[in-house]
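Next come the chains, spelled out residue by residue.
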Amino acid sequence: MDHTLEPHVLIFPIPFQGPVNCALKLAELLCLSGLHVTFLNTEHIHRPLLRHTQVLSRFNRYPNFKFQTIPDGVEHEKPVSGDRFMEVMAAVDAVTKPLFREMMVSGGLSRKSDRPVTVMIPDACFSFAIDIGIDASIPVICFETVSPCCLWTSYLNLPTLIEAGDVPFKGNDLDQMITSVPGTEHITRRRDLASFCRSDDLSNPVIELIVKEAHAVPRAHGLILNTFEELDSLILPHMRKLCPNIYTIGPLHTLHKTQLTAKITSSQETTFSNSVWKEDRSCISWLDNQDPKTVVYVSIGSLATMTVEQLLEIWHGVVNSGKPFLWVRRPGSITGGYDESQIPAKLLARTKEIGCIVEWAPQEDVLAHSAIGGFLTHSGWNSTIESIMEGVPMVCWPYFVDQQVNSRFVEEVWKLGVDMKDTCDRLLIEKAVRDIMDQKHNGFTKSANTWANLAKDSITKMGSSSIQLGRLIDDILVISSTPFDPK
Ligand code: UDP
């Protein structure tokens, strides 16, 4: 085997907006450091990415970067909602996995090829990549884009939860504390575990997928997380006992933006959108006309959906709070036959006065806008860490996967907002929105500022996340030139 191979990283995200966005940012950071990077996208997600962004021209400036696509057997033309998550993952497992194996073991990116990959960075959810890495003699560093608090409580400890008899739940008491997970005994109730833990069937495909991941990730060479050390100081020491080599490089979007802005010339492209929907930037002009910290931003991300009944509760709650609002209503995100003619005229009229509704927003810019005072969110991890970065308190209305854990940590650990999980009531929503927006009378602003400052510190030159990114790059160089050791 040739041990003087040129370092060449393969990045392979699961085909959804959040993970692809994070993976592109990581890819660009590695490119900026001079590493060769191949970005492997499944066809289903690559099409809308090319349609709605400038990624091709943006990445064209890196001669050391290459996009490559791989079939995934997903028929849908447009990005799918969360209820189809497992459908996409099953198609990828059936169609992509064998192709990927061939590509890495004996094909175009294998050790035998002209451009051999020396380190693989797959999404941690693609745990099959770890075995493929062993067969292909290529070290694997996993990238997990869900929150570390969820990764710890509900993924890495899922086998423990099952063994302890905590999952599946016995009885209906969702408020029972979960005591079998080290570090979070006083925080996590059953309802705060990842949503799939509510299943009463251990052969549920999501549970099977996550159990596989729990067994595989500790076998990888390392694990990349989108967090910073202080934010997850409660769980990182526990996690490191299982996965000693963790790279905390968050908030990734700001680390990326800071390093990119420092390195590109002013004539070069400076928009960083990786959105698989068309961003409507008109909302930024609307925000420009609002007073500082007065607007509540409402978004449920790229996968969550709400029923018409839930829409009406949230809508009334937000309007009745009296705060101006910017609301993202992603196409397909309202289920059950939305019909505007059925919406009370008063609600529509008030919305015209104080609201702005768009299909997809440039969210990072929205959250960074001075007019934003609060975020009613589904508590996706990217949205949460973007909000933390900008010091914006949150009302959390989690939908699935890590969001149930994130919303608990937002309220209970970081004291950054109100967790509305398992409720959807206009009066509660109105109160929660007032609570986070009323800066004089809440403690959220103080903790939001504290966390935002710590986040900013972490991405300065000597900050923990910058140092961890440097360590990741150094390690890639070292393991690329070291004989493969499957341990
Ligand atoms: N996002 C965006 N525009 C929108 C709504 C969301 O750019 O109108 C981005 C947001 O900034 C975040 C991602 O989409 O980076 C959503 O990821 P998250 O992990 O919060 O939730 P998911 O969509 O995976 O459920």
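*Asks:* In this structure, what is going on with the site of the ligand? I would like to understand it.
*Replies:* Around the ligand sit 18 residues, and of these Ser302, Ala361, Asn382, Ser383 and Glu386 come closest. Interatomic distance of 3.5 Å between a side-chain N/O atom of Asn21 and an oxygen atom of the ligand. The backbone of Ala361 places a nitrogen or oxygen atom 2.6 Å from a nitrogen atom of the ligand. When the ligand sits alone it has 540 Å² of accessible area, and the protein chains cover 94% of it. Those elements giving two or more residues to the shell around the ligand turn out to be strand S8 (295-299) and helix H15 (381-389).

*Asks:* I'm lost on the sheet that holds strand S10 (residues 325-328) in this one. Help?
*Replies:* Hydrogen bonds between backbone atoms are what pair the strands of a sheet, whose relative direction is either parallel or antiparallel. If you trace the six strands from one edge of the open sheet to the other, you get S12-S10-S8-S13-S14-S15, paired in parallel fashion. What marks the edges here is a single partner per strand, and that holds for strand S12 (355-358) and strand S15 (417-419). Here the strands of the sheet are splayed against their neighbours by 15° on average, with no regard to which way each runs. Both S10 and S12 contribute to a ladder of four bridges, which runs parallel. Directly across from Phe325, in S12, lies its bridge partner Gly355.

*Asks:* Which parts of the structure should I look at to understand the packing of aromatic side chains?
*Replies:* Given two aromatic rings, their pairing is described by the distance between the two centres and the angle made by the two planes. Across all of its chains, the model carries 19 aromatic pairs by this definition. Look at Phe12 and Phe100: their rings are 4.7 Å apart centre to centre, the planes differ by 35°, and that puts the pair in the tilted class. With Phe12 in strand S1 (residues 8-12) and Phe100 in helix H4 (residues 85-105), this pair connects stretches of sequence that are 88 residues apart. Judged on exposure class, the residue Phe12 and its partner Phe100 are both buried. Through a chain of ring-to-ring contacts, three or more aromatic side chains come together here, namely Phe39, Phe59, Tyr62, Phe65 and Phe67. Over the face of the ring belonging to Trp315 we find Arg329, whose NZ or CZ atom lies 4.0 Å from the ring centre. Directly above the aromatic system of Trp327 lies the positively charged group of Arg329, at a separation of 4.2 Å from the ring centroid.

*Asks:* Where do I start with the nonpolar core in this structure?
*Replies:* In summary, soluble globular proteins display a tendency toward joint burial of nonpolar side chains. Phe100, Met104 and Ile121 are the most contacted members of the largest nonpolar core, which totals 140 residues. Counting residues per element, this core draws most heavily on helix H1 (residues 17-32), at 10 residues. Once residues within four sequence positions are removed from consideration, Ile121 is found in contact with Val9, Leu10, Ile11, Phe12, Leu26, Leu30, Ile141, Phe143, Ile224 and Ile476.

Reading guide: rules and limits
Residues numbered from 1 in each chain as written. Predicted model: local features only at pLDDT ≥ 70, side-chain atom pairs only at ≥ 80, totals over all residues. Heavy atoms only, no water. Near = heavy atom within 4 Å. Polar contact = N/O pair within 3.5 Å; in protein donor to acceptor, adjacent residues only side chain to side chain. Areas by Shrake-Rupley, 256 points an atom, 1.4 Å probe, with all protein chains shown as cover. Helix = DSSP H or I, 4+ residues; strand = E, 2+ residues; numbered from the N terminus. Pairing = 2+ DSSP bridges. Axes fitted to C-alpha atoms, helices over the stretch in contact; angles between N-to-C directions. Phe/Tyr/Trp six-rings, centres within 6.5 Å; stacked < 30°, edge-to-face > 60°. Buried < 20%, exposed > 50% of the residue type's maximum accessible area, 1.4 Å probe, protein only. Lys NZ or Arg CZ within 6 Å of the ring centre and 35° of its normal. Core = buried A, V, L, I, M, F, W, Y, C linked by side-chain atoms within 4.5 Å. Contact = heavy atoms within 4.5 Å.

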